[in-house]
Amino acid sequence: MRELVGTSFPPGFVFGTATAAYQIEGAVHADGRGKTIWDTFSHQRGRILHGDTGDVADDHYHRMKADLDLMKWLGLRGYRFSIAWSRIQPTGKGAVNHKGMDFYKRLVDGLRARGIKPMATLFHWDLPQALQNHGGWESRDTAKRFADYAQLMFEALGDQVDTWMTLNEPKTFVQNGYRWNVHAPGVKSDARAFVVLHHLMLGHGMAVQAHRASGAGGKIGIALNMSPVYPSDRSSGAKKAANWFDDFSNRLYLEPVLHGHYPSGPYNWIAKHSPMPKKIRSGDMAIIGSPIDVLGVQYYSPAYRDRHNNAVVKHPRSAASWQQIYPQGLEDLLVRLHRDYPRTPLVVTENGIATKEYLGKHKRIEDKQRVKFMHDHLAAAHRAMAKGVPLQGYFAWSLMDNFEWNQGYSMRFGIVYVDYKTQRRVPKRSALWYRDVIRRGGF
Ligand code: GBH
């Protein structure tokens, strides 16, 4: 392995930024796009802070060319975006909607022309509403539909996309969407949630197999959000609670994908609360465990558990109440993933911090907190690499401020500020800093 000096990253290391379709595109009626569960959800009263919706968002659908030039100006080596399934198949099945497909073809062409490696996520939560009307991910059929849609994408862009990610954060979709009723489709049912989990996993595995069958050149993986879990003190109770939470929030997603089975602790709990076990057919686990080329790691916050199994806060929080700032957690997480899954290369597909800044009369947003956050997390990633972790890249969440789900536009994660009245993009201090880091290959 090439020696890492100071905080310089290896030449092939992919410095990128990430976004997702519903959070930036807007243009929800353009070119035959079908309705999604997030269109439905965001238009229900009381669901989203201030009644915000993704109808316009960053209007990226109409401003893609300028946004590509912004990425070029930043010097990005990679860009992670998601594809809105309902632009490709408005009802989630059937023939390709060519105008929708053309948008992603132009995006991918534009990235490649600028020397930016495209990473495409196939599902970042915006399920076509027509499929939801037939049970959505509670229905096994949706996994098959997803693999069919994935296959259409591999046929169209298989040779141009560097890396495919099947699903973004199945945990968040299951938890927020089906257990806590705060994301689309707005359900509160453990029974249904874990059926959804199995079908998501199955869809992932079927898409991986479709990718292999297509003969496309690129890599494929899945993007999982994970938190290192620490006991809040030295008691055996806290240790036990932390292990349980780790099983439930990390291993429940890692083990099926990388070892082809659900971990027994969470599985036994699920079996008591959900008919999910009845949905597992013979052969499913082998499909789910189909080998992947890369694991996407999304890290925002650590988690602590005390002996009463309560969550404990130990570090300063960001503007998002759920986020504790702890860069060391990223090193710990990466090292642990490499220890448990030594054959799998890793890429940080999301890492970022929420702020609530407003441009006002100032010319620039001096987001020193974000600069420090990115610096400290990149340094943590670098330490993990120095310990031998095969980390291939780092994608900052996010390229620009966007629709932060149930928090609407109030929560800003971008390194580029978006003025939602004018759609003007204004690079924050963190964007200038990142640009410099990319140019120098480190800091
Ligand atoms: C990622 O989610 C998403 O992939 C991305 O779309 C999003 O914009 C970004 O990070 C920033 O949030 O829901 O209040 O009960 C991170 C997902 C957010 C999931 C916080 C768990 C827990 C607290 N995490 N959530 S809450």
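Thresholds applied
- Residues numbered from 1 in each chain as written.
- Predicted model: local features only at pLDDT ≥ 70, side-chain atom pairs only at ≥ 80, totals over all residues.
- Heavy atoms only, no water.
- Near = heavy atom within 4 Å.
- Polar contact = N/O pair within 3.5 Å; in protein donor to acceptor, adjacent residues only side chain to side chain.
- Areas by Shrake-Rupley, 256 points an atom, 1.4 Å probe, with all protein chains shown as cover.
- Phe/Tyr/Trp six-rings, centres within 6.5 Å; stacked < 30°, edge-to-face > 60°.
- Helix = DSSP H or I, 4+ residues; strand = E, 2+ residues; numbered from the N terminus.
- Buried < 20%, exposed > 50% of the residue type's maximum accessible area, 1.4 Å probe, protein only.
- Lys NZ or Arg CZ within 6 Å of the ring centre and 35° of its normal.
- UniProt positions renumbered as here; feature names shortened; annotations may be inferred.
- Contact = heavy atoms within 4.5 Å.
- Salt bridge = Lys/Arg side-chain N within 4 Å of Asp/Glu carboxyl O.
- Pairing = 2+ DSSP bridges.
- Core = buried A, V, L, I, M, F, W, Y, C linked by side-chain atoms within 4.5 Å.
- Axes fitted to C-alpha atoms, helices over the stretch in contact; angles between N-to-C directions.
- Parallel < 35°, antiparallel > 145°, perpendicular 65-115°, else oblique.
- Nonpolar A, V, L, I, M, F, W, Y, C, P; charged D, E, K, R; others polar.

Side note on the site of the ligand
Phase 1 of the analysis: Not every one of the 16 residues close to the ligand is listed here, only the nearest: Gln23, His124, Glu350, Glu404 and Trp405.
Phase 2 of the analysis: Taking Trp397, its side chain carries an N or O atom lying 3.2 Å from an oxygen atom of the ligand.
Phase 3 of the analysis: Summarising the interface, the protein chains cover 79% of the accessible area of the ligand, which totals 570 Å² for the free molecule.

Observations regarding the packing of aromatic side chains
Phase 1 of the analysis: The final tally for this structure, using the stated rule, is 39 aromatic pairs.
Phase 2 of the analysis: Here Phe123 and Phe146 contribute two aromatic rings whose centre-to-centre distance is 6.4 Å and whose plane-to-plane angle is 75 degrees, an arrangement assigned as edge-to-face. With Phe123 in strand S3 (residues 117–123) and Phe146 in helix H7 (residues 140–157), this residue pair connects regions lying 23 residues apart in the sequence.
Phase 3 of the analysis: Under the relative-accessibility criterion, Phe123 is labelled buried at 1%.
Phase 4 of the analysis: Look at Phe194 and Trp269: their rings are 5.9 Å apart centre to centre, the planes differ by 75 degrees, and that puts the pair in the edge-to-face class. You can see Phe194 sitting in helix H9 (residues 190–214) and its partner Trp269 sitting in helix H11 (residues 264–273), a full 75 residues away along the chain.
Phase 5 of the analysis: What makes Phe194 buried here is its relative accessible area of 1%.
Phase 6 of the analysis: What makes Trp269 partly exposed here is its relative accessible area of 22%.
Phase 7 of the analysis: Ring pairs connect the aromatic residues Tyr22, Trp38, Phe41, Trp125, Phe403, Trp405, Tyr409 and Tyr420, which therefore count as one cluster.
Phase 8 of the analysis: Over the aromatic face of Phe245 sits the side chain of Arg305, whose NZ or CZ is 3.7 Å from the ring centroid.

Things to note about the UniProt feature "binding site: substrate" (unreviewed entry) in the chain
Phase 1 of the analysis: Annotation from UniProt places "binding site: substrate" (unreviewed entry) at Gln23, His124, Asn168, Tyr300, Trp397, Glu404 and Trp405.
Phase 2 of the analysis: Within the fold, Tyr300 resides in the loop between strand S7 (294–298) and strand S8 (303–305).
Phase 3 of the analysis: Sequence-distant contacts of Tyr300, that is, excluding residues within four places in its chain, are made with Glu169, Trp322, Gln323, Gln324, Glu350, Asn351, Gly352, Trp397 and Phe413.
Phase 4 of the analysis: Here Trp397 shows up in strand S10 (residues 391–397).

What about the pattern of salt bridges?
Phase 1 of the analysis: Counted by the stated rule, this structure contains 31 salt bridges.
Phase 2 of the analysis: Lys428 is the salt-bridge partner of Asp401, the closest N and O atoms lying 2.9 Å from each other. Residue Asp401 is located in the loop between S10 and strand S11 (416–419), and its partner Lys428 is located in the loop between strand S12 (424–427) and helix H16 (429–440); the two are separated by 27 residues in the primary sequence.
Phase 3 of the analysis: Asp401 gets classed as buried once you look at its relative accessible area, which sits at 0%.
Phase 4 of the analysis: Among the charged side chains, a salt-bridge network with shared partners connects Glu357, Asp367, Arg370, Asp401, Arg412 and Lys428.

As for the pairing of S11
Phase 1 of the analysis: Across four bridges, the pairing between S11 and S12 is antiparallel. Bridge pairing links Val418 to Arg425 in S12.
Phase 2 of the analysis: Between S11 and S12, which follow one another and run antiparallel, lie four residues, and Gln423 among them has a positive phi close to 65 degrees.

Section: the nonpolar core
Generally speaking, soluble globular proteins have nonpolar side chains that are buried together.
Phase 1 of the analysis: Among the nonpolar cores identified, the biggest contains 117 residues, and Leu295 and Tyr434 are the most heavily contacted of them.
Phase 2 of the analysis: At eleven residues, H9 tops the list of elements feeding residues into this core.
Phase 3 of the analysis: In terms of nonpolar packing, the next biggest core, distinct from the first, is built from 15 residues, Val14, Ala223, Ala354 and Phe395 among them.

A short note on the UniProt feature "active site" (unreviewed entry) in the chain
Phase 1 of the analysis: Per the UniProt annotation, the sites labelled "active site" (unreviewed entry) are Glu169 and Glu350. For this annotated set, covering 182 residues, all C-alpha atoms fall within 10.4 Å of each other, a compact arrangement in space.
Phase 2 of the analysis: Tracing the sequence through the fold places Glu169 in the loop between strand S4 (163–168) and helix H8 (170–179).
Phase 3 of the analysis: The contacts of Glu169, once residues within four sequence positions are left out, are Trp125, Ala223, Asn225, Gln298, Tyr300 and Glu350.
Phase 4 of the analysis: Mapped onto the elements of the fold, Glu350 is located in strand S9 (residues 346–350).

Comments concerning the side chain of Asp401
Phase 1 of the analysis: At 2.9 Å, the side chain of Asp401 forms a polar contact with the backbone nitrogen of Gly414.
Phase 2 of the analysis: Once you skip the residues sitting within four places of it in the chain, Asp401 turns out to touch Asp58, Arg412, Phe413, Gly414, Val416, Tyr417, Val418, Tyr420 and Lys428.

Brief notes about the packing of helix H3 (residues 60–74) against helix H5 (residues 98–113)
Phase 1 of the analysis: Axis separation between H3 and H5 bottoms out at 10 Å; the angle between their running directions is 10 degrees. With respect to H5, the axis of H3 lies roughly parallel. On H5, the residues touching His60, Tyr61, Met64, Leu68 and Met71 of H3 are Lys99, Phe103, Arg106, Leu107, Gly110 and Leu111.
Phase 2 of the analysis: Classifying every residue of the contact of H3 with H5 by side-chain character gives seven nonpolar, two polar and two charged.

So, the sheet that holds S4
Phase 1 of the analysis: Taking strand neighbours around the barrel as the criterion, the eight strands line up as S1-S2-S3-S4-S5-S7-S9-S10 in a closed arrangement whose pairing is parallel. Within the sheet, the average angular offset between the axes of one strand and its neighbour, ignoring direction, is 25 degrees.
Phase 2 of the analysis: Strand direction decides the pairing type here: S4 and strand S5 (residues 219–225), joined by four bridges, are parallel. Across the sheet, the residue bridging to Thr163 is Lys219, located in S5.
Phase 3 of the analysis: Contacts between H8 and the sheet are confined to S3, S4 and S5, with S5 contributing the most and set at about 40 degrees to the helix.
Phase 4 of the analysis: Seen against the sheet, H9 touches S3, S4 and S5 and runs at an angle of roughly 160 degrees to S5.

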